[in-house]
Amino acid sequence: MTQVERQQWDVVVVGAGGAGLRAAIEAREQGARTAVICKSLFGKAHTVMAEGGIAAAMANANEHDGWQVHFRDTMRGGKFLNQWRMAELHAQEAPDRVWELETWGALFDRTADGRISQRNFGGHEYPRLAHVGDRTGLELIRTLQQKTVALQQEDFRERGDYESGLKVFQECTVTRILKDEDGRVSGVFCYERESGRFFVIEAPAVVISTGGIGKSFKVTSNSWEYTGDGHALALLAGAPLLNMEFVQFHPTGMVWPPSVKGILVTESVRGDGGVLRNSEGKRFMFDYIPDVFKEKYAETEAEGDRWYDDPDHNRRPPELLPRDEVARAINAEVKAGRGSPHGGVFLDVSTRMPAEVIRRRLPSMYHQFKELADVDITAEAMEVGPTCHYVMGGIAVDSDSAAARGVPGLYAAGEVAGGMHGSNRLGGNSLSDLLVFGRRAGLHAAQYAGGLGEGGRPAVDEDQVDAAAAEALRPFSAEGPVEGEPDEGRPPENPYTLHQELQQTMNDLVGIIRREPEMGQALEKLGELRVRARRAGVEGHRQFNPGWHLALDLRNMLLVSECIARAALERTESRGGHTREDWPEMDRQWRRANLLCRLADPTGNLAATDPVRGQIRLSREETEPVRPDLLALFEKEELVKYLSEEELHE
Amino acid sequence: MSSYEAGFRVWRGDTEGGGLEDFKVEVHDGEVVLDIIHRLQATQAPDLAVRWNCKAGKCGSCSAEVNGRPRLMCMTRMSVFTRDEVITVTPLRAFPVVRDLVTDVGFNYTKAREVPAFVPPSDLGPGEYRMMQEDVDRSQEFRKCIECFLCQDTCHVVRDHEENKGAFAGPRFLMRVAELDMHPLDAADAEGLDRKTTAQDEHGLGYCNITKCCTEVCPEQIRITDNALIPLKERAADRKYDPLVWLGNTIRRRGR
Ligand SMILES: Cc1cc2nc3c(=O)[nH]c(=O)nc-3n(C[C@H](O)[C@H](O)[C@H](O)COP(=O)(O)OP(=O)(O)OC[C@H]3O[C@@H](n4cnc5c(N)ncnc54)[C@H](O)[C@@H]3O)c2cc1C
Ligand code: SF4
Ligand code: SF4
Ligand code: FES
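Cut-offs and rules
Residues numbered from 1 in each chain as written. Chains lettered and ligands numbered in written order. Predicted model: local features only at pLDDT ≥ 70, side-chain atom pairs only at ≥ 80, totals over all residues. Heavy atoms only, no water. Domains from an automatic or database assignment. Contact = heavy atoms within 4.5 Å. Buried area = accessible area lost by both parts, 1.4 Å probe. Salt bridge = Lys/Arg side-chain N within 4 Å of Asp/Glu carboxyl O. Polar contact = N/O pair within 3.5 Å; in protein donor to acceptor, adjacent residues only side chain to side chain. Buried < 20%, exposed > 50% of the residue type's maximum accessible area, 1.4 Å probe, protein only. Helix = DSSP H or I, 4+ residues; strand = E, 2+ residues; numbered from the N terminus. Pairing = 2+ DSSP bridges. Axes fitted to C-alpha atoms, helices over the stretch in contact; angles between N-to-C directions. Near = heavy atom within 4 Å. Nonpolar A, V, L, I, M, F, W, Y, C, P; charged D, E, K, R; others polar. Phe/Tyr/Trp six-rings, centres within 6.5 Å; stacked < 30°, edge-to-face > 60°. Lys NZ or Arg CZ within 6 Å of the ring centre and 35° of its normal. Expected span 1.5 Å × (residues − 1). UniProt positions renumbered as here; feature names shortened; annotations may be inferred. Core = buried A, V, L, I, M, F, W, Y, C linked by side-chain atoms within 4.5 Å.

**Student:** What exactly am I supposed to notice about the domain arrangement of chain A here?
**Tutor:** A common way to state how big an interface is: give the accessible area lost once the parts meet. All names here are of chain A. Partitioning chain A into domains gives domain 1 (5-246 + 392-463) and domain 2 (253-387). With centres defined by C-alpha atoms, the gap from domain 1 to domain 2 works out at 30 Å. Tallying the contact residues gives 22 residues for domain 1 and 31 residues for domain 2. Roughly 2,000 Å² of surface becomes buried between domain 1 and domain 2 when both sides are summed, with 46% attributable to carbon and sulfur atoms. Of all residues in domain 1, the largest losses of buried area upon contact with domain 2 belong to Glu51, Asp134 and Val219, amounting jointly to 27% of the total for that side. At the surface where domain 1 touches domain 2, the tally comes to 3 salt bridges. When the shortest N-O distance is used, the salt bridge between aspartate 324 and lysine 79 registers 3.1 Å. In this structure, the connection of domain 1 to domain 2 is made through 14 residue pairs in polar contact (both at pLDDT 80 or more).

**Student:** Would you mind going over the pairing of strand β9 (residues 185-192) of chain A with me for this structure?
**Tutor:** For a regular strand, the rule is simple: side chains alternate between the two faces of the sheet. Residue and element names in this part refer to chain A. For β9, the buried fraction is high: 7 of the 8 residues fall into the buried class. Note that strand β8 (residues 172-179) and β9 share 7 bridges and pair antiparallel. Across the sheet, leucine 178 pairs through a bridge with glycine 187, a residue of β9. Remark: 5 residues form the turn of the hairpin made by β8 and β9, two consecutive strands paired antiparallel; glycine 183 in that turn has positive phi of roughly 85 degrees. Here β9 folds back onto strand β10 (residues 198-202), and the loop between the two strands holds 5 residues, one of which, glycine 196, carries a positive phi near 75 degrees.

**Student:** How should the sheet that holds strand β14 (residues 275-277) of chain A be read in this particular structure?
**Tutor:** Two pairing modes exist for strands in a sheet, parallel and antiparallel, and in both the strands are linked by backbone hydrogen bonds. Residue and element names in this part refer to chain A. Spatial ordering of the open sheet is given by β13-β16-β15-β14, a layout of 4 strands whose pairing is antiparallel. Where the open sheet ends on each side, the last strands, each with one partner, are β13 (247-254) and β14. On average, each strand axis in the sheet is inclined to that of its neighbour by 45 degrees, with strand direction left out of account. Across 3 bridges, the pairing between β14 and strand β15 (residues 345-348) is antiparallel. What sits directly across from arginine 277, in β15, is phenylalanine 346.

**Student:** Got a minute to help me understand the interface of chain B and chain A in this structure?
**Tutor:** Taken together, the contacts link 59 residues of chain B with 66 residues of chain A. Here chain B packs against chain A, burying approximately 5,200 Å² in sum over the two surfaces, 54% of which is carbon and sulfur. Among the residues chain B hides against chain A, the three largest losses belong to Lys58, Arg113 and Arg143 of chain B. Together they make up 16% of the total. Linking chain B with chain A are 6 salt bridges, by the criterion used here. We note a salt bridge from glutamate 163 of chain A to arginine 113 of chain B, for which the minimum N-O separation is 2.9 Å. Across the contact surface, chain B and chain A share 42 residue pairs in polar contact (both at pLDDT 80 or more).

**Student:** Explain the site of ligand 3 to me, please; I cannot follow it from the model alone.
**Tutor:** Surveying the vicinity of ligand 3 reveals the residues Cys145, Ile146, Glu147, Cys148, Phe149, Cys151, Arg172, Met175, Cys218, Pro219 and Ile224 of chain B. Its residues assigned to classes, the shell around ligand 3 shows 9 nonpolar, no polar and 2 charged.

**Student:** For this particular structure, what's the right way to read the site of ligand 1?
**Tutor:** Residue and element names in this part refer to chain A. Around ligand 1, a shell composed of 40 residues is seen, among which Thr47, Glu225, Tyr226, Asp229 and Glu415 lie nearest. The separation between an oxygen atom of ligand 1 and a polar main-chain atom of glycine 17 is 3.5 Å. Measuring from an oxygen atom of ligand 1, one finds a backbone N or O atom of lysine 39 at 2.9 Å. Residue assignment for the shell around ligand 1 shows that the elements contributing at least two residues are α1 (18-29), β3 (34-38), β8, β16 (382-391) and α11 (429-452). The element best represented in the shell around ligand 1 is α11, accounting for 4 residues. In terms of residue class, the shell around ligand 1 is made up of 15 nonpolar, 19 polar and 6 charged.

**Student:** Explain the environment of methionine 254 of chain A here, please?
**Tutor:** All names here are of chain A. Tracing the backbone shows methionine 254 in strand β13. Taking the C-alpha atoms as reference, methionine 254 lies 6.5 Å from glycine 385; in sequence the two are 131 residues apart. Beyond its immediate chain neighbours, meaning those up to four positions away, methionine 254 contacts Val260, Lys261, Gly262, Ile263, Val265, Gln368, Phe369, Leu372, Ala373 and Glu383.

**Student:** Could you clarify how one ought to interpret the pairing of β13 of chain A in this entry?
**Tutor:** Residues and elements named next belong to chain A. Counting buried residues in β13 gives 8 out of 8 residues, a clear majority hidden from the surface. Examined bridge by bridge, β13 and β16 share 6 bridges and lie antiparallel to one another. Note that in β16 the partner of methionine 254 across the bridge is valine 384.

**Student:** Is there a simple way to explain the packing of aromatic side chains in this structure?
**Tutor:** The description of two aromatic rings rests on the distance between their centres and on the angle between their planes. Residue and element names in this part refer to chain A. Evaluated as defined, the whole model comprises 20 aromatic pairs over all chains. For the pair phenylalanine 217 and phenylalanine 249, a centre-to-centre distance of 5.7 Å together with 85 degrees between the ring planes defines the contact as edge-to-face. Highlighted residues: phenylalanine 217 in the loop between β11 (205-208) and α5 (229-236) and phenylalanine 249 in strand β13, separated in sequence by 32 residues. A residue is classified by how much of its surface remains accessible, and phenylalanine 217, at 0% relative accessible area, is buried. Joined through ring pairs, the aromatic side chains of Trp67, Phe71, Phe80, Phe634 and Tyr642 make up one cluster. Taking NZ or CZ as reference, lysine 167 lies 4.9 Å from the ring centre of phenylalanine 169, over its face. The ring of phenylalanine 198 is capped by arginine 542, whose NZ or CZ atom sits 4.4 Å from the centre of that ring.

**Student:** So what exactly am I meant to see when it comes to the pattern of salt bridges here?
**Tutor:** A pair can form between side chains of opposite charge whenever their charged atoms are brought close. Residue and element names in this part refer to chain A. Under the counting rule described, the total for this entry stands at 93 salt bridges over all chains. The closest approach of N and O atoms between aspartate 155 and arginine 28, which form a salt bridge, is 2.9 Å. Of this pair, aspartate 155 sits in helix α4 (residues 136-159) while arginine 28 sits in helix α1, and the two are 127 residues apart along the sequence. On the basis of relative accessibility, which here comes to 13%, the residue arginine 28 falls in the buried class. Close ionic contact of arginine 176 with glutamate 471 constitutes a salt bridge, the shortest N to O distance being 2.9 Å. Here the residue arginine 176 occupies a position in strand β8, and glutamate 471 occupies one in helix α12 (residues 462-473), the gap between them amounting to 295 residues. Of the two residues, arginine 176 and glutamate 471, both sit in the buried class. Each of Asp65, Arg72, Asp73, Arg76, Glu125, Arg128 and Glu638 takes part in salt bridges that share partners, so that together they form one network.

**Student:** Would you explain α5 of chain A in this entry?
**Tutor:** Since one α-helical turn is 3.6 residues long, residues separated by three or four positions face the same way. Residues and elements named next belong to chain A. By the criterion of burial, α5 is predominantly enclosed, with 8 of the 8 residues buried. Taken together, the buried positions of α5 are Asp229, Gly230, His231, Ala232, Leu233, Ala234, Leu235 and Leu236. Within two residues after α5, glycine 238 carries a phi angle of roughly 100 degrees, on the positive side.

**Student:** Looking at this structure, how should I read helix α13 (residues 495-509) of chain A?
**Tutor:** Here α13 of chain A contains 15 residues, and its C-alpha end-to-end distance of 21 Å stays within 8% of the 21 Å for a straight helix at 1.5 Å per residue. Among all positions in α13 of chain A, only Pro495, Tyr496, Leu498, His499, Leu502, Gln503, Thr505, Met506 and Leu509 of chain A are buried. Those residues of α13 of chain A that are buried lie in contact with α14 (516-533) and α15 (546-570) of chain A together with α1 (33-43) of chain B. N-capping of α13 of chain A is provided by asparagine 494 of chain A, with a side-chain oxygen placed 2.8 Å from the backbone N of tyrosine 496 of chain A.

**Student:** What am I meant to see in the UniProt feature "domain: FAD-dependent oxidoreductase 2 FAD-binding" (unreviewed entry) in chain A here?
**Tutor:** According to UniProt, the "domain: FAD-dependent oxidoreductase 2 FAD-binding" (unreviewed entry) feature falls on residues 10-431 of chain A. Regarding residues 10-431 of chain A, the helix share stands at 28% and the strand share at 18%, and the terminal C-alpha atoms are separated by 26 Å.

**Student:** Sorry if this is basic, but what is going on with the nonpolar core here?
**Tutor:** When a protein is soluble and globular, its nonpolar side chains tend to lie buried together. Ranked by internal contacts, the top residues of the largest apolar core, which has 264 residues, are Val11 and Ile208 of chain A together with Phe8, Ile37, Met73 and Met78 of chain B. The greatest single-element share of this core, amounting to 13 residues, is contributed by α15 of chain A. Ignoring any residue separated from it by four or fewer positions in sequence, one finds valine 11 of chain A in contact with Ala27, Ala32, Arg33, Thr34, Ala35, Ala205, Val207, Ala445, Ala446 and Ala449 of chain A.

**Student:** Please explain the sheet that holds β8 of chain A as it appears in this structure.
**Tutor:** Residues and elements named next belong to chain A. If you trace the 4 strands from one edge of the open sheet to the other, you get β1-β10-β9-β8, paired in mixed fashion. Unpaired on one side and paired on the other, β1 (5-8) and β8 mark the two borders of the sheet. Sheet twist, expressed as the average angle between the axes of neighbouring strands with direction ignored, equals 25 degrees. The sheet contact formed by β9 and β10 spans 5 bridges and is antiparallel. Each residue of the ladder has a partner; that of glycine 187, found in β10, is glutamate 202.

In structure tokens, the structure reads:
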């Protein structure tokens, strides 16, 4: 039996981003003793990078807004594949979640009458994004962090210990979810970065809120943390992932210099008036308005320009189409030879707003281009191109309780959860999603844990602890060169090299535009990488060793990448964040299908998986029909574009 | 694209001690110091420990000292150095080393906990808050802080004075007190909490002699000294005479 430190908590939250912290705050307020585990320092999670804003129909900027309108926009953005009950709850509860932040000390930008200001964003009918300049994610993280501290101060006053009711284990990584004999969650297995030591937290309820998967792609706006850990943890624990083929490529990432390629240029640049031009100076987006959106977008530049001041009588410019549309359009322009010098297109605010307005409204963008690219965005256009940004697919959850399917005690919220955004997420809908479903996950996890009582807690299976420890230590004993043989014996693989090859494969073969033969190649390459990853070796010792951590993350990236590639190959249509060159149309029949990924070998023994057939099994299930009163929010003419004949007649 | 080979000296070691190690490493157009550290990891020193997250100056993880100056590695362009210059990268000096470029920044989290949280006004519910933009501007400036702790590292009160750490919150957390004090709806008063005096009595504001070193290193260009610390001193000194406030005022007037 492996001797590792043990602790007992009621609820464990894996991840300290917006979703994780909101879940933890709720669980603690419900009375559950709650532990939060995160890979980086407290307050550094990915959410900190969010720029544009939080979508919530508070109707501060336009009185016509309401949850129904927000719901409608969300469903349209997701091309109706959204788990509609999530979209409904999200639209209804987002305003309360934003207002609550003010009572915790958040300071949003204000309207003239002192309420929370709201800005325009792609796909949102009215100005809807609560924001703080272009650093909204920082405000969100800091507010939740400070609320966490406020609760700890309360606990200190009552019990003399800040960490008695809510504790953050920073720079710790979960590598396995543990279960008891009946398949219920019993805890998590973790290592601490600083010391390299293992520990186990025993808890009956675990909320996964680990964010996304972008680090499997070469060009991405995501940070090193985005290795798909939560997705993989759920799979390994026996929970299915939903619709993993949908990956959002944000249309505007930096393209130059190479070292910053992929870093995000916020959509607020377009929301506030920025326009896209090709090398001929043309505002090309007018040529790319798809049929489903024809009535909703301006046909001329003049109308589009008028919309900023008079949105009630003009239609919005097509630069503000949902992200998948804009990303594809940019891709097409570059392919047609009308791109910018470094392979993007031009995004210009300099001719649209006075310099001082740009500096006030887009301070971090101004700073980012000035510092990293020597470009003054108040004087010249930016060069931008698509970058891997967000994964819509994720852990399949119950809409109301955020419970993962099939594993009692497991919950998921935030980017790691699937369903909410359908095939494409609207800007601003993630931060609101984190708050709405983070709170719900924390609430239900706490209730579940409380309901078990002291005697009813699932026991930790010691074999699983041993196996997890052995798995985590394997990189230190990867096979080296064999004595007496030339160097090519079986040298351990360099985890950094494997990671680069994986990123290149996903970028080139399962990227923004997909084709059947290429995805086949990708699966082959993934199979090869999987075998090599078993020999990923590391040097040095266990204290804060990045090579070791990457070697462990490879397991997760490979699992998630295989899910994406298999599901993308299976879905023979184009919809939202999934574009097939060989199946360019959206197919109404496919709207009825969800694709689920499960681990092929449910014992979770990755070594035993068949090298050719892979580790993942796909299955299809039919989506739940949208509730009639929600369908009634749309015009019939619009519904026929999305729903199949059968659905329309039901 | 032009590339060249640069000389790097990186501090390597742990709690037991360590020293500078020399490297030769390739540099390409447009790269930042963090790119070079990553290249070292991928090619020469796979276990070189470093913190980073966003690589875009937004998270405040990658703080270190580059040629002795506290900086974000992801926002330090290689083009600010000449090609023959040897670039020295060392961990933040004010905090204990964990390993290589990673330090134990726990001091900051301890101090964060000692500042009492925002107190919501009892007569306003969620959604009822009304605040004018000009009244929140100041606190918003302080909330731009990405908690890189460069100001905490550079402030001479603690930089080489371990003994002051107990009594002094550091510029970042004194600024947090100022932020809450200037929040238009903070109801600390109603609970009998006077943030200004606590800044002086509990968070060590008196140690600060407004050298502005913190402001100089702040990557968010927050005017920590002028906009947070000096006004806090002024407000705290309503009752107490503090010669530095007088001095600060004179400096500010001259700066205009
Ligand atoms: C540049 C950028 C700008 C964006 N702008 C916006 C915007 O304006 N509006 C909007 O709505 N959305 C925006 N998004 C999307 C949004 O920010 C993210 O989807 C969202 O923040 C994800 O939050 P989360 O809570 O799910 O995860 P995160 O905030 O990423 O947190 C994940 C947490 O899980 C932890 N973790 C991961 N794996 C493990 C493990 N194995 N063990 C322990 N802990 C682990 C991490 O350390 C981290 O604490 C943006 C995204 C990017 C990249
Ligand atoms: S101004 Fe005050 S807080 Fe800032 S560095 Fe100088 S002494 Fe420290
Ligand atoms: S005030 Fe500036 S230097 Fe200090 S921690 Fe915040 S961002 Fe960093
Ligand atoms: S990595 Fe985030 S600030 Fe440098």
